[in-house]
Amino acid sequence: DLFHNKGVLRLAQLNKILDPERYPRRKHEFIIGIMQKFELCFPLDGVTGSYLIPDLLPKEEPYLNWPPAEACLLYQYSYQVLPSSVISRFIVRVNDLIAQRTYWRTGVVLKGDGNEALVKADLEERRVSISVTGPEATRRELLAVIRSHFDHIHRTIPRIEFLAQLPIPGYPNVAVSHAHLLTLERLGQETFVPPGLSQFFRVD
């Protein structure tokens, strides 16, 4: 029922879903509270008693007229193993930033400070991609908010292995470690040769 309802759970449905003897009505709000604590759902704005469970959203990504990569601020996380809970928990954590309820099982569009961000997971490629568009002066602020939520989620998953990377504009299959870029910046290096590109090709 929840799957066909696109992940929307109404509090009144718990009477039908749960065994009333084991889970009487007086326990229902407690159960919802526990689900929220463990980042499994969040309340829908303007719909009293309704909650969204991202793990039960449709898989299909909606059509988005998103700007090309070259016009956006890009960031990504590459994982050894990417649990599906990473993106679903992220959607729960950022529910107050979601733009016009634009979300699906593995992605979401956010808005903040005049910017918008497309965040989506590719479970097969084991990658979460982030693309921020809008005024360049404030793009990094929205990205910083997004990264802080992923930092929190990563800290709660034992032994998770990942790399924080920046894709090279114009070369979508080439990305460089964020930590390496910070090291180059501290060393005063203004150009470098990204791994995977010709040694004669230097990037600002």
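Definitions and cut-offs
- Just so you know, the residues in each chain are numbered from 1, in the order the chain's sequence is written.
- Local features are withheld for residues below a pLDDT of 70 in this predicted model, meaning they are given only at 70 or higher, and side-chain atom pairs are given and counted only at 80 or more; totals for whole chains, interfaces and linings count all residues.
- With hydrogens and water stripped out, all remaining heavy atoms of the structure feed into the side-chain values.
- Helix and strand assignments follow DSSP, with helices taken as H or I runs no shorter than four residues and strands as E runs no shorter than two, numbered in order from the N terminus.
- The buried label goes to any residue with under 20% of its type's maximum accessible area, the exposed label to any with over 50%, and the partly exposed label to all in between, with areas taken from a 1.4 Å probe on protein chains only.
- Whether two residues are in contact is decided by their heavy atoms: any pair within 4.5 Å suffices.
- Convention adopted: a line fitted to C-alpha atoms gives each axis, helices being fitted over their contacting stretch, and angles between N-to-C directions are expressed from 0 to 180 degrees.
- We call two directions roughly parallel when the angle between them is under 35 degrees, roughly antiparallel when it is over 145, roughly perpendicular when it lies between 65 and 115, and oblique otherwise.
- Note on convention: the crossing is left-handed when the near helix lies turned anticlockwise from the far helix by less than a right angle, right-handed when the turn is clockwise.
- By the convention adopted, Pro, Cys, Tyr, Trp, Phe, Met, Ile, Leu, Val and Ala count as nonpolar, Lys, Arg, Asp and Glu as charged, and the other residues, Gly among them, as polar.
- To count toward a patch, a residue needs a relative accessible area above 30% and no salt bridge. Like charges then connect within 9 Å, nonpolar side chains (Val, Leu, Ile, Met, Phe, Trp, Tyr) within 5 Å.
- Here, Shrake-Rupley sampling with a 1.4 Å probe gives the accessible areas, and only protein chains in the shown set may cover a residue.
- Put simply, a salt bridge is a Lys or Arg side-chain nitrogen that is within 4 Å of an Asp or Glu carboxyl oxygen.
- In plain words, nonpolar cores are sets of buried Ala, Val, Leu, Ile, Met, Phe, Trp, Tyr and Cys residues tied together by side-chain atoms within 4.5 Å.
- Buried and open spaces are told apart on a 1 Å grid over the protein atoms alone, a cavity being a set of points where a 1.4 Å probe fits but cannot get out and a pocket being an open set with protein on both sides within 12 Å along at least five of seven lines. Residues with an atom within 4 Å of a point are the lining residues.
- Grid points are joined across faces, edges and corners, and a volume is the space filled by probe spheres set on the points.
- One bridge is not enough; two strands pair if DSSP finds at least two bridges between them.
- Here the aromatic set is Phe, Tyr and Trp, taking the six-membered ring for Trp, and pairing holds for ring centres within 6.5 Å; pairs whose planes are under 30 degrees apart are stacked, those over 60 apart are edge-to-face, and all others are tilted.

Visitor: Pulling in residues and values, what's your account of the overall build of the chain?
Guide: Helix and strand content of the chain: five helices and 10 strands. Oriented by its inertia axes, the alpha-carbon framework of the chain measures out at about 70 × 35 × 25 Å. When each of the 204 residues of the chain is scored for burial, the buried share is 40%. For the chain, the share of sequence-separated contacts (at least 6 apart) that also reach a separation of at least 24 residues comes to 54%.

Visitor: Break down the packing of helix α3 (residues 85-93) against helix α4 (residues 136-155) for me, with residues and values.
Guide: Contact geometry for α3 and α4: axes closest at 10 Å, N-to-C directions at 125 degrees. The orientation of α3 relative to α4 falls into the category oblique. Relative to α4, α3 is oriented so that their crossing is right-handed. Taking contact as the criterion, the partners of Val-86, Arg-89, Phe-90 and Arg-93 in α3 are, on α4, Ile-146, His-149, Phe-150, His-152 and Ile-153. By residue class, the composition of the contact of α3 with α4 is five nonpolar, two polar and two charged.

Visitor: Describe a nonpolar patch on the surface, with residues and values.
Guide: Together, Phe-30, Ile-34, Phe-38 and Leu-40 line one region of the surface with nonpolar side chains, adding up to about 430 Å² of accessible area. By the secondary structure assignment, Ile-34 is in helix α2 (residues 28-37). A relative accessible area of 34% means that Ile-34 is categorised as partly exposed.

Visitor: Provide a residue-level description of the nonpolar core, including the pertinent values.
Guide: Within soluble globular proteins, side chains that are nonpolar generally end up buried alongside one another. In terms of nonpolar packing, the biggest core is built from 34 residues, with Phe-90, Leu-110, Val-119, Ile-130, Ile-146 and Phe-150 touching the most fellow members. Listing elements by their share of this core, those giving two or more residues are β4 (73-79), α3, β5 (98-104), β6 (107-112), β7 (115-122), β8 (127-133) and α4. Judged by nonpolar contacts, the second largest core, of eight residues, contains Leu-2, Leu-9, Leu-14 and Met-35.

Visitor: Go over the layout of surface pockets, please, and point to the residues and values.
Guide: Volume-wise, the largest pocket comes out at about 870 Å³. Lining the largest pocket we find 29 residues, and of these Leu-73, Arg-140, Leu-166, Leu-181 and Asp-204 sit closest to its centre. Elements represented by at least two residues in the lining of the largest pocket include exactly β4, α4, β9 (162-168) and α5 (178-186). With six residues, α4 is the largest single contributor of residues to the lining of the largest pocket. Counting only elements with at least two residues in the lining of the second largest pocket, the list comes to β4, β7, β8, β9 and β10 (171-177). Of the residues assigned to the lining of the second largest pocket, the class counts are 15 nonpolar, five polar and three charged.

Visitor: With reference to specific residues and values, describe the sheet that holds strand β1 (residues 8-10).
Guide: Hydrogen bonds between backbone atoms are what pair the strands of a sheet, whose relative direction is either parallel or antiparallel. Taken together, three strands build an open sheet; the order of strands is β1-β3-β2 and the sheet is antiparallel. Whereas interior strands pair on both sides, the edge strands pair on one side only; in this sheet they are β1 and β2 (42-43). Looking at chain direction, β2 and strand β3 (residues 50-52) are connected through two bridges and run antiparallel. By the bridge assignment, Phe-42 is partnered in β3 with Leu-52.

Visitor: Before we move on, could you go through the pairing of β7 and cite the residues and values that matter?
Guide: The pairing of β6 with β7 spans six bridges and is classified as antiparallel. Residue pairing in the sheet places Val-108 in a bridge with Val-119 of β7. Here β7 pairs with β8 via seven bridges, running antiparallel. Pairing of Lys-120 across the sheet is with Ser-129, part of β8. Hairpin remark: β7 followed by β8, antiparallel, with four residues in the connecting loop; positive phi at Arg-126, about 60 degrees.

Visitor: Tell me about the packing of aromatic side chains, residues and numbers included.
Guide: By the definition in use, this model includes six aromatic pairs. Between Tyr-75 and Tyr-77, the aromatic rings sit 5.5 Å apart at their centres with planes inclined by 70 degrees, giving edge-to-face as the arrangement. In this structure, Tyr-75 and Tyr-77 share a single accessibility class: buried. Taking 4.4 Å as the distance between ring centres and 15 degrees as the angle between the ring planes, the aromatic pair formed by Phe-90 and Phe-150 counts as stacked. Here the residue Phe-90 occupies a position in helix α3, and Phe-150 occupies one in helix α4, the gap between them amounting to 60 residues. By the burial criterion, Phe-90 is buried, and Phe-150 matches it.

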